[in-house]
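Chain by chain, the residues run as shown.
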Amino acid sequence: MKKNRFNLLAKLLISYILVLLFPVIVILFYYYPNSTEVVKQKEMDWNAHVTAQFMNSMDIFTRYVYNLPSELVNNQEIKLYLAGDDDYQRIVIANEMRKYNATDAFIDNTFLYVKSIGFLFAKTGSAYSIHDFESPGVGYYYENWPHKAMFEELNNLTSSTVRPAENVIVSGNNRTRMLTFLSPLPLGGLNSPGTVLIMVKEETIIRLMKSVSEAFTGDFFIFDPKGNRLVASNETSYSHSSEFKDMVSGLGEHRSGSGIYQINGKSFIVSHEVSDKNGWKYVTLMAVSETLQDIRLIQRNTVVLFILILLLEVIVIYVSIRKNYHPIKGLVHFAKNLFTVREPSTMNEIDTIWYALDQLSSANSRLDESVKSTLPVIRDNLLFELICDRYPTWDAFQKEADPYGVCFNYSHITVVVLSCETKEGGIEAVAEYCRMEENRLPEGLQGYFFNSIYNQEIVFVGSHNTIFQLKAYLCVLQQELLERTGLRTLIGIGTPGQSPEGAHLSYLQAIRAAEHLRVRNQYSVLVFDEIEVQQTSAVSYFAEQLQSLELFILKNDVPSVESVMERIIAYIGHDGTPPHMVRAVYLNTVIVIFNGLQRFRQSDQSLLQLTSVSYLHRYTIEQMIDIMRESCCKLCDLIRSSQPTSRTASQNDILAFIEGNGMYPEFSLQLIADHFSMSISGFSYHFKKTMGQNFKEYIDQLRIQKSIVLLRRSDETLELIAQQVGYSNTSSFIRSFKKVVGITPGQYRDSNK
């Protein structure tokens with residue numbers, strides 16, 4: 001007996017241990033070899049995401065930096081050619097520069113350097129002489145950029161450039177590191193009258209990187225297209241090694257990517273992105289040892305815990321078996337006493353156990369069905385089905401609603417929609433307060449609040465008598481919600497109904513009233529009957545515009561596409577356009593634009609993201625207009641880029657042709673476009689992209705510059721001067737001169753005698 005007992009004990013103990021060990025061993029053999037690689041891959045994906053986000057943030061903030069020179073050139077009040085002869089113009093320039101003091105979050109300071117007078121005008125309205133930058137104290141003193149070399153470079157600058165982050169002593173002898181952008185005015189022009197200096201603190205860029213991901217603990221670098229380092233988050237020892245430089249230069253083969261590299265015998269996870277805007281290369285590095293430190297600690301702790309659990313399980317199993325060494329016999333005896341075996345003479349112990357388990361499963365299924373049948377229907381579902389017209393009569397509704405205490409005591413049913421423009425989680429506070437409000441509704445009103453199918457809406461189904469002022473009560477509720485939760489709500493009210501169909505109609509009207517408030521960006525309470533609908537020929541007008549837009553897209557006519565889009569935008573922005581028409585116009589217009597975009601980029605991920613964002617439910621008119629403009633600009637850029645361009649229309653070729661022909665009266669945009677075998681629209685876009693301003697403004701400024709020289713050095717008539725600089729008649733010359741300089745040629749000649 002003892003031998004049989006021991007054998008059974010041993011067999012059961014071994015079988016239980018094997019059952020426990022087998023899945024654990026399989027998991028460990030899979031987990032340990034692969035966990036490290038999985039963590040590395042996840043970290044590379046995360047670093048690549050952080051790098052891309054940082055690059056996108058920098059592209060957004062530097063967009064203003066690259067656009068500012070063009071804005072200064074187009075500012076009609078800033079007349080750089082007159083600054084040396086007119087003290088009043090200096091005051092005007094200083095005051096105009098204050099208008100660009102709106103980017104303190106990213107740009108530290110902006111200077112407009114006027115060569116003719118040797119003054120620098122800051123965006124704060126201050127003016128500095130070139131001597132203020134010669135030594136620390138007054139202006140900005142660059143420690144590694146000698147004063148003489150600095151202004152030689154500013155005077156001879158012909159293209160935009162960026163100086164790497166370097167030490168600069170600002171006013172008050174405070175030392176900081178600055179990234180400096182330099183751009184001539186006009187961009188690409190010869191003998192430019194001025195230069196723009198835009199200064200950005202290195203610590204601002206570092207804070208921007210940390211704001212993208214506070215969890216990122218590695219190092220990041222920014223390099224210009226030539227491979228020069230512009231910004232670094234930390235001064236590390238490996239960043240000056242040849243291996244690091246070779247690694248960075250090798251990253252230029254691909255625009256983006258991640259990998260593991262060896263630098264000075266240490267492994268790093270390296271991610272890089274190259275910007276489409278300015279060609280800057282963004283590189284992030286994180287030591288592999290820091291990445292794997294947590295997973296290795298977890299692995300060691302897992303082994304220890306596994307050993308402890310295994311020992312504990314062995315002890316528990318052994319004690320359990322010792323206490324009841326024949327559990328199968330006990331289970332069979334229990335099953336025979338609990339259930340009536342169908343054929344006890346032919347069933348062995350195992351069959352008996354299977355029969356008992358089958359009976360237990362059947363009993364469990366019957367119990368589940370019984371429990372499910374007694375679960376109450378959620379009150380909110382009942383109310384939502386009511387306003388969705390799921391019940392044909394009140395009797396059908398009351399039959400299901402009575403067991404759950406849902407009833408309406410008054411004859412009129414009105415549905416109200418409360419919409420909150422809030423972040424995730426904020427609507428719960430409003431919903432909680434509204435449910436509390438159910439218990440203290442005023443006399444004459446009885447109803448229920450519940451969450452809508454939209455995350456930012458709450459629906460109120462109210463029953464009231466004919467004299468109850470529902471709008472006045474909801475105005476008070478709106479104010480209380482603002483005071484209690486700090487959230488502003490817009491409330492749409494339907495018209496009262498007396499049947500389930502009337503409740504459904506009231507719900508649809510309440511949604512439309514709330515949509516009217518949301519589109520018009522008004523936080524108030526609006527009854528559907530108060531919406532003013534103007535009778536216009538809006539549908540026919542919009543249909544004509546939409547047909548024109550489709551036609552011009554097919555013809556690749558960019559100016560016409562932009563013109564029609566502006567007319568559609570003006571239409572939906574008009575106060576007389578009904579809100580339901582605004583959304584219909586918006587949706588149909590973006591469909592036409594996206595169809596046009598799909599012709600050029602069938603599998604563009606950014607196009608898919610823009611499409612998904614454009615069809616979100618909740619947008620104001622301003623947001624709809626921004627999406628329409630952005631998608632239209634993208635389509636126009638793709639149309640322009642698809643048109644053939646000249647292989648020889650470089651900046652030098654354009655300047656050479658203008659220098660030889662620009663002063664002839666017959667010189668025109670058509671002439672130079674034909675010379676380079678390009679269409680007028682294609683060359684106009686290419687010229688602005690290459691030279692930094694449009695063709696007419698550039699030619700007018702060039703001709704006026706030459707006319708200024710002739711007015712000073714000769715006594716020729718205005719008619720002869722106009723012919724020499726390319727104007728067919730004197731009146732055109734006078735108008736262009738006054739537009740650029742601010743005074744007529746005769747007044748200019750008299751003031752310079």
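The rules behind these values
- Residues numbered from 1 in each chain as written.
- Predicted model: local features only at pLDDT ≥ 70, side-chain atom pairs only at ≥ 80, totals over all residues.
- Heavy atoms only, no water.
- Helix = DSSP H or I, 4+ residues; strand = E, 2+ residues; numbered from the N terminus.
- Buried < 20%, exposed > 50% of the residue type's maximum accessible area, 1.4 Å probe, protein only.
- Contact = heavy atoms within 4.5 Å.
- Areas by Shrake-Rupley, 256 points an atom, 1.4 Å probe, with all protein chains shown as cover.
- Salt bridge = Lys/Arg side-chain N within 4 Å of Asp/Glu carboxyl O.
- Expected span 1.5 Å × (residues − 1).
- Pairing = 2+ DSSP bridges.
- Arc of directions from axis to C-beta.
- pLDDT = per-residue confidence, 0-100.
- Axes fitted to C-alpha atoms, helices over the stretch in contact; angles between N-to-C directions.
- Core = buried A, V, L, I, M, F, W, Y, C linked by side-chain atoms within 4.5 Å.
- Patch = residues over 30% accessible without salt bridge, like charges linked within 9 Å, V, L, I, M, F, W, Y side chains within 5 Å.

*Asks:* Help me out: how do you make sense of the overall build of the protein chain in this one?
*Replies:* From N to C terminus, the protein chain includes 25 helices and 17 strands. Evaluated residue by residue, the protein chain yields a buried proportion of 44% over its 753 residues. Intrachain contacts of the protein chain at a sequence separation of at least 6 include 61% that bridge at least 24 residues. Summing over all exposed atoms, the protein chain offers an accessible surface of approximately 41000 Å²; the carbon and sulfur share of this is 54%.

*Asks:* Is there a simple way to think about the pattern of salt bridges in this case?
*Replies:* For side chains of opposite charge, pairing can occur when their charged atoms come near one another. Applying the stated rule across the entire model yields 13 salt bridges. Between E202 and R177 there is a salt bridge; the shortest N-O distance is 2.8 Å. Taken together, the positions of E202 in helix α4 (residues 202-212) and R177 in strand β6 (residues 174-185) put the pair 25 residues apart, joining distant regions of the chain. R177 gets classed as partly exposed once you look at its relative accessible area, which sits at 31%.

*Asks:* Please explain helix α15 (residues 558-572) as it appears in this structure.
*Replies:* An α-helical segment advances 3.6 residues per turn. Residues three or four places apart therefore align on the same side. For α15, built from 15 residues, the straight-helix expectation of 21 Å at 1.5 Å per residue is met to within 8% by its first-to-last C-alpha distance of 21 Å. Among the residues of α15, those classed as buried are V558, S560, V561, V564, M565, I568, I569, Y571 and I572.

*Asks:* Looking at this model, I keep getting lost on the sheet that holds strand β3 (residues 127-129). Mind explaining?
*Replies:* Hydrogen bonds along the backbone pair up the strands of a sheet, which may run parallel or antiparallel. Strand order across the open sheet formed by seven strands is β3-β2-β1-β7-β6-β5-β4, with antiparallel pairing between neighbours. Each having just a single partner strand, β3 and β4 (141-142) make up the two edges of the open sheet. Sheet topology note: the β6/strand β7 (residues 194-201) ladder contains eight bridges and is antiparallel. Bridge pairing links M178 to K201 in β7.

*Asks:* I keep staring at helix α24 (residues 730-741) and nothing clicks. Help me out?
*Replies:* For α24, built from twelve residues, the straight-helix expectation of 16 Å at 1.5 Å per residue is met to within 8% by its first-to-last C-alpha distance of 16 Å. Taken together, the buried positions of α24 are occupied by S732, F733, S736, F737 and V741. Taken down its axis, α24 places every buried residue within 135 degrees of arc, on the same side. Projecting away from the buried face of α24 at angles above 90 degrees are the exposed residues R735 and K739. Just past α24, the residue G742 takes up positive phi, approximately 105 degrees.

*Asks:* Can you help me understand the confidence of the model for the protein chain in this one?
*Replies:* The predicted coordinates of low-pLDDT regions are not to be read in fine detail. For the protein chain, per-residue confidence averages 78 on the pLDDT scale, and residues scoring 70 or more make up 79% of the total. The least confident element of the protein chain, judged by mean pLDDT, is helix α17 (residues 605-614) at 55; the most confident is strand β5 (residues 161-170) at 91. Every residue in residues 1-5 scores below 50 in pLDDT, and together they form three contacts with partners more than four places removed in sequence or on other chains. Predicted confidence is poor over residues 371-376, with pLDDT under 50, and the contacts of this stretch with residues over four places away or in other chains come to one contact.

*Asks:* Sorry, what's going on with the sheet that holds strand β9 (residues 229-232) here?
*Replies:* With respect to topology, five strands assemble into an open sheet ordered β9-β8-β12-β11-β10, the strand pairing being antiparallel. In this open sheet, the two strands that pair with only one neighbour each are β9 and β10 (256-263). Between one strand and the next, the sheet's axes are offset by a mean angle of 25 degrees, whatever the strand orientation. Across five bridges, strand β8 (residues 219-223) lies against strand β12 (residues 281-287) in antiparallel orientation. Across the sheet, the residue bridging to F220 is T284, located in β12.

*Asks:* Would you explain the nonpolar core in this entry?
*Replies:* Here is a general trend for soluble globular proteins: nonpolar side chains tend to be buried in one another's company. Counting 39 residues, the largest nonpolar core has F54, M58, L72, L112, I205, I222 and W280 as the members making the most contacts within it. For this core, the element with the most residues is helix α1 (residues 2-74), which contributes seven residues. Among residues more than four places away in sequence, those in contact with M58 are F106, I205, L208, I222, W280 and Y282. One finds L549, M581, V590 and M624 within the second-largest nonpolar core, a separate group that totals 34 residues.

*Asks:* Any chance you could explain the pairing of strand β15 (residues 457-464) here in plain terms?
*Replies:* Note on strand geometry: in a regular strand, side chains alternate between the two faces of the sheet. Burial within β15 is extensive, with eight of its eight residues counted as buried. Of the two faces of β15, the one carrying E457, V459, V461 and S463 and the one carrying I458, F460, G462 and H464 are both buried. As defined by bridge partners, strand β13 (residues 412-420) adjoins β15 across eight bridges and the pair is classed as antiparallel. Paired with V416 across the bridge in β15 is F460. When strand β14 (residues 445-451) meets β15, the two strands line up antiparallel, connected through seven bridges. Considered in β15, the bridge of L445 is made with H464. Hairpin connection of β14 to β15: five residues between the antiparallel strands.

*Asks:* When you look at a nonpolar patch on the surface in this model, what are you seeing that I'm missing?
*Replies:* On the surface, a cluster of nonpolar side chains totalling about 380 Å² of accessible area is made up of V304, L305, L308 and I309. As for its placement among the helices and strands, I309 is situated in helix α6 (residues 288-323).

*Asks:* Got a minute to help me understand the environment of E438 in this structure?
*Replies:* Of note, E438 is situated in the loop between α11 (426-437) and β14. Judged by relative accessible area, E438 falls into the buried class, the value being 17%. When the C-alpha atoms of E438 and Y448 are compared, they prove to be 6.2 Å apart, with ten residues separating the residues in sequence. Not counting the four nearest positions on each side in its chain, E438 is found in contact with R379, G447, Y448 and F449.

*Asks:* Would you take a moment to explain the side chain of E166 for this structure?
*Replies:* Counting through the fold element by element, E166 comes out in strand β5. A relative accessible area of 7% means that E166 is categorised as buried. In contact with E166, other than residues within four places in its own chain, are Y142, N144, W145, T176, R177, M178 and T180.

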